[in-house]
Amino acid sequence: MGRQLPLLLLTLLTSVSVCFAAIPGHVYLRWRRCGEEMSKLVHDKLGGRPKKSIVLTNAGWAKVQGEDTIACLDGFSAKTGATVGRATLLRIHSAPTVPLWAFIGDFGSLKGCYLEVAKKQSELKFKGSGVEDISLGNLSANEASWSEKMGSRVFGGREFPIFAIANLRRHSAPSELLDAALFHDHLCPGVTSGWLISKFVQKQLPLRTPKESYTFFSIGPWCKEDAIQVVLNCTAGKRSHMSLPADDALQDQLKKRNIAGIVFRFDKRLGKGDGHVLTFRFPQSREKGWLGKLKTVLTLAACSEPNTYVGVLRNFALNGQHPNEFISRGASIYESLGLLEEDTDD
């Protein structure tokens, strides 16, 4: 084994080298410089580099004329001091066809600029906003003017995602919720509900054996699904998160009882498990419009007791069956548990 270890390490190092070498050097340098130039442009507008910066970007997800843009992250970090580890360099998921963009600003005041990149042949072009204050206080005090700015797409139509994620991070967001928002590509009450459901499950329905695991099932999925995948690591690819669409009639019945889905706990080794029908109730007094949605998100994010909004409607035993055997029944699961009203039509 002692002689095999160096060979194993060499193999691992070679694999890592191949991975990093996947981006040609000239491409890496071009996009690192792009991140540096974008940072410098914003610093010039701000009158200097902030003591602590925040950067939101889709660098690495966006591709420009087929080129990988992930090296922008190194450019941002070098010039702004923002880092992934400090959660001040936030990489927001996007389709590769979306333009490369970044919001770069002062972490303390949330004053900053939005820039978008276009590559014209071999030349990079930048367009974007002037200095804008996106702190919650300023947004609240200037709702009407910000509504106009959102209408004119001052941040390329990404105004609310940038507002919400930046303010969430500024107000010391839980890291799991921040990760869920980055994966979902924006923050909304739906994502926050999924985070609260996940925290409720971990606290009130903990795994009881080393081999036990969660499976989550929902009918009529909403944004919560992405947060549950991130926080509980229940994913469609591992067949531990499954969702089915619902027609309007079924959706109305589920909403009447605030049904959010079913979480299963199952131990494959023992062949035992249980299921729990979960409910979620959004705050009753929710303000309207984008500002109301932002305030709702931050209210939910500040909740330390998930059972304020999450509950259990029904518990049941699996009786040796795998969760997938129940899930394969679809909506009839709820019917068998007596949770759906019978059709009274003749």
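One can find the structure itself at the top, above this paragraph.
This is a predicted model, so every value here is computed, not measured.

**Student:** I'm lost on the overall build of the protein chain in this one. Help?
**Tutor:** Within the protein chain, the secondary structure is distributed over 13 helices and 13 strands. Each principal axis of the C-alpha distribution contributes one length, and for the protein chain these read about 70 × 65 × 35 Å. Every one of the 346 residues in the protein chain was classed for burial, and the buried ones make up 46%. Within the protein chain, contacts between residues at least 6 apart in sequence are counted, and of these 70% link residues at least 24 apart. For the protein chain, the exposed surface amounts to about 17500 Å²; the carbon and sulfur share of it is 53%. One way to put it: in the protein chain the 44 positive side-chain charges average out to a point 9 Å from where the 34 negative ones average out.

**Student:** Would you mind showing me how to read the environment of Glu-36 here?
**Tutor:** Checked against the element boundaries, Glu-36 lands in helix α2 (residues 25-46). Sequence spacing of Glu-36 and Lys-79 is 43 residues, and the spatial spacing of their C-alpha atoms is 5.8 Å.

**Student:** Got a minute to help me understand the sheet that holds strand β10 (residues 241-244) in this structure?
**Tutor:** Strands belonging to one sheet form pairs held by backbone hydrogen bonds; the direction of such a pair is parallel or antiparallel. Judged by pairing direction, the sheet is mixed, and its five strands sit side by side in the order β10-β9-β11-β12-β13 without closing on themselves. Pairing within the sheet leaves two strands with one partner each, and these edge strands are β10 and β13 (310-317). On average, each strand axis in the sheet is tilted by 20° relative to the strand beside it, whichever way the strands run. Here strand β11 (residues 259-267) pairs with strand β12 (residues 272-280) via eight bridges, running antiparallel.

**Student:** Just checking my understanding: could you explain the nonpolar core for this structure?
**Tutor:** The nonpolar side chains of soluble globular proteins are, as a tendency, buried together. Counting 58 residues, the largest nonpolar core has Leu-56, Ile-134, Phe-155, Phe-163, Ile-165, Leu-187 and Ile-197 as the members making the most contacts within it. When near neighbours in sequence (up to four residues on either side) are disregarded, Phe-155 contacts Phe-103, Tyr-114, Ser-129, Glu-132, Ile-134, Trp-146, Ile-162 and Phe-163. Core analysis: the second largest hydrophobic core is formed by 22 residues, Val-42, Ala-59, Val-117 and Leu-124 among them.

**Student:** Just to check I follow, could you spell out the packing of aromatic side chains for this structure?
**Tutor:** Geometry of an aromatic ring pair is reported as the spacing of the ring centres plus the angle between the planes. For the coordinates displayed, the defined rule picks out 12 aromatic pairs. Here the aromatic rings of Phe-264 and Phe-316 are separated by 6.1 Å at their centres, their planes lie at 85°, and the arrangement is edge-to-face. One end of the pair, Phe-264, is in strand β11; the other, Phe-316, is in strand β13, and 52 residues separate them in sequence. The pair Phe-264 / Phe-316 is uniform in exposure class, with both members buried. Between the aromatic rings of Phe-280 and Phe-282, the centroid separation amounts to 4.8 Å while the plane-to-plane angle is 70°, which identifies the pairing as edge-to-face. A relative accessible area of 4% means that Phe-280 is categorised as buried. An aromatic cluster is built from Trp-101, Phe-103, Tyr-114, Trp-146, Phe-155, Phe-163 and Trp-290, whose rings are joined through pairwise contacts. We note Lys-149 situated over the ring of Trp-146; from NZ or CZ to the ring centre the distance is 4.5 Å. A cation sits over an aromatic face here: Lys-293 above Phe-160, 4.4 Å from the ring centre.

**Student:** Would you mind showing me how to read the pattern of salt bridges here?
**Tutor:** Two side chains bearing opposite charge may form a pair once their charged atoms approach each other closely. Counted by the stated rule, this structure contains 13 salt bridges. Connected via shared salt-bridge partners are Arg-208, Glu-212, Arg-265 and Asp-274.

**Student:** What's the story with unusual backbone geometry in this structure? I'm lost.
**Tutor:** What is expected of a backbone is that most residues other than glycine have negative phi and most peptide bonds are trans. Although it is not a glycine, Leu-110 sits at a positive phi angle of roughly 60°. Tracing the backbone through its elements, the reader meets Leu-110 in the loop between β5 (101-106) and β6 (111-120). On the basis of relative accessibility, which here comes to 1%, the residue Leu-110 falls in the buried class.

**Student:** What's the story with the pairing of β5 in this structure? I'm lost.
**Tutor:** One face of the sheet, then the other: side chains in a regular strand alternate in exactly this way. Most of β5 is tucked away, with five of its six residues classed as buried. Strand direction decides the pairing type here: strand β1 (residues 53-57) and β5, joined by five bridges, are antiparallel. Bridged to Thr-57 within β5 is Ala-102.

**Student:** Explain the side chain of Arg-265 to me, please; I cannot follow it from the model alone.
**Tutor:** Assignment of secondary structure puts Arg-265 in strand β11. With a relative accessible area of 8%, Arg-265 lands in the buried category. In terms of polar contacts, Arg-265 uses its side chain to reach the backbone carbonyl oxygen of Pro-206, at 2.8 Å. Ignoring sequence-local partners within four residues, the contact set of Arg-265 consists of Leu-205, Pro-206, Leu-207, Arg-208, Glu-212, Ser-213, Tyr-214, Lys-272, Gly-273, Asp-274, His-276 and Leu-318.

Calculation criteria
- Residues numbered from 1 in each chain as written.
- Predicted model: local features only at pLDDT ≥ 70, side-chain atom pairs only at ≥ 80, totals over all residues.
- Heavy atoms only, no water.
- Helix = DSSP H or I, 4+ residues; strand = E, 2+ residues; numbered from the N terminus.
- Buried < 20%, exposed > 50% of the residue type's maximum accessible area, 1.4 Å probe, protein only.
- Contact = heavy atoms within 4.5 Å.
- Areas by Shrake-Rupley, 256 points an atom, 1.4 Å probe, with all protein chains shown as cover.
- Lys, Arg positive; Asp, Glu negative; His and termini not counted.
- Charge placed at Lys NZ, Arg CZ, Asp CG, Glu CD.
- Pairing = 2+ DSSP bridges.
- Axes fitted to C-alpha atoms, helices over the stretch in contact; angles between N-to-C directions.
- Core = buried A, V, L, I, M, F, W, Y, C linked by side-chain atoms within 4.5 Å.
- Phe/Tyr/Trp six-rings, centres within 6.5 Å; stacked < 30°, edge-to-face > 60°.
- Lys NZ or Arg CZ within 6 Å of the ring centre and 35° of its normal.
- Salt bridge = Lys/Arg side-chain N within 4 Å of Asp/Glu carboxyl O.
- Polar contact = N/O pair within 3.5 Å; in protein donor to acceptor, adjacent residues only side chain to side chain.

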